[in-house]
Amino acid sequence: HMFRTLGTHGIVFECLTSVLSHESPRMPRDDNLNKLLYQSFSFLALYAARQPLNQEIVFSHLHHMIIPQLINPREVFSAAAEALIAVFQDNRVLSSRFDDSTCAAIFTCLKQSAQRQEWRWIYLRCLSIALCPKGIPIKRNQHRVLRRVFSVLLKYYYNTIVIIVD
């Protein structure tokens, strides 16, 4: 509660906004900037952990700050993923606001992490937290993820069948 009262999260969001707005692909190449991003997302993860009001504050910045960093090729992605997990952890209200764009972003990350096994587990954990907060499944989110899985599988098998037939 003290960090929220002091407005520390606001300073972190301003810092992230200034760093991310200057980078066109949203992935800084400078090691110092990546360290700053990693520490900022780590702070946000700790700030939001199991505090519904803090989770709501971080959720409002989810799509323009956290999700674009999930595909960062450096260690920043893991801190961004932890921030995403902390937002949805044990919060059914925010988990019910898990939308198609968030689901699509996580699936994109899963596809791009084909070479890195350890990265996939982090992305799958992001999905599992949104599917079943507090051990109670949210059917709408489960259907959303299953639709995405089926569409990916259908595209894969369609492309495989077309190649075999040709």
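Placed above this text is the structure.
Notes on the structure follow.

Cut-offs applied
- Residues numbered from 1 in each chain as written.
- Predicted model: local features only at pLDDT ≥ 70, side-chain atom pairs only at ≥ 80, totals over all residues.
- Heavy atoms only, no water.
- Core = buried A, V, L, I, M, F, W, Y, C linked by side-chain atoms within 4.5 Å.
- Buried < 20%, exposed > 50% of the residue type's maximum accessible area, 1.4 Å probe, protein only.
- Helix = DSSP H or I, 4+ residues; strand = E, 2+ residues; numbered from the N terminus.
- Contact = heavy atoms within 4.5 Å.
- Salt bridge = Lys/Arg side-chain N within 4 Å of Asp/Glu carboxyl O.
- Axes fitted to C-alpha atoms, helices over the stretch in contact; angles between N-to-C directions.
- Left-handed = near helix turned anticlockwise from the far one by under 90°.
- Nonpolar A, V, L, I, M, F, W, Y, C, P; charged D, E, K, R; others polar.
- Parallel < 35°, antiparallel > 145°, perpendicular 65-115°, else oblique.

**Quick notes on the nonpolar core**
Counting residues in each nonpolar core, the largest one holds 47 residues, and the members touching the most others are F41, L44, L70 and F88. Secondary structure elements with two or more residues in this core: α2 (8–21), α3 (31–48), α4 (52–59), α5 (62–66), α6 (76–88), α8 (100–112) and α9 (117–131). Of the residues forming this core, the biggest block, 11 residues, is contributed by α6. Among all residues touching F88, those that are not within four sequence positions of it are F59, L62, L94, S95, F98, I129, A130 and P133.

**Observations regarding the environment of I85**
Within the secondary structure layout, I85 lies in helix α6. Along the sequence, I85 and I129 sit 44 residues apart, while their C-alpha atoms lie 6.5 Å from each other. Setting aside anything within four residues of it in sequence, one finds I85 in contact with I122, R125, C126 and I129.

**Brief notes about the pattern of salt bridges**
Inspection of the entire model under this criterion finds 5 salt bridges. Two residues, E82 and R125, come together in a salt bridge whose shortest N-O distance is 3.0 Å. With a gap of 43 residues between them, E82 in helix α6 and R125 in helix α9 connect regions that are remote in the sequence. Here E82 falls in the partly exposed class, since its relative accessible area comes to 32%. For R125, a relative accessible area of 38% translates into the label partly exposed. Among the salt bridges present, the one from R147 reaches D100, with a minimum N-O distance of 3.9 Å. Here R147, found in helix α10 (residues 139–165), pairs with D100, found in helix α8; they are 47 residues apart in sequence, far enough to count as distant. Salt bridges here are not isolated pairs; linked through shared partners, they connect D100, R144 and R147.

**Looking at the packing of α2 against α3**
Running from N to C, α2 and α3 point in directions that differ by 145°, and their axes come no closer than 10 Å. Crossing handedness for the pair α2 and α3: left-handed. Taken together, the residues of α3 that come into contact with α2 (itself represented by T8, H9, V12, F13, C15, L16, V19 and L20) are L33, L36, L37, S40, F41, F43, L44 and Y47. Residue classes in the contact of α2 with α3 are distributed as 13 nonpolar, 3 polar and no charged.

**Some details on the packing of α8 against α9**
Axis separation between α8 and α9 bottoms out at 9 Å; the angle between their running directions is 165°. The orientation of α8 relative to α9 falls into the category roughly antiparallel. Remark: the crossing between α8 and α9 carries left-handed chirality. Residues I106, F107, C109 and L110 of α8 touch α9, and the partners they reach there are R120, Y123, L124, C126 and L127. Tallied by class, the residues present in the contact of α8 with α9 amount to 8 nonpolar, no polar and 1 charged.

**Overview of unusual backbone geometry**
The phi angle at R50 is positive, at roughly 55°, despite the residue not being glycine. Locating R50 in the fold gives a position in the loop between α3 and α4. The class for R50 is exposed, based on a relative accessible area of 53%.

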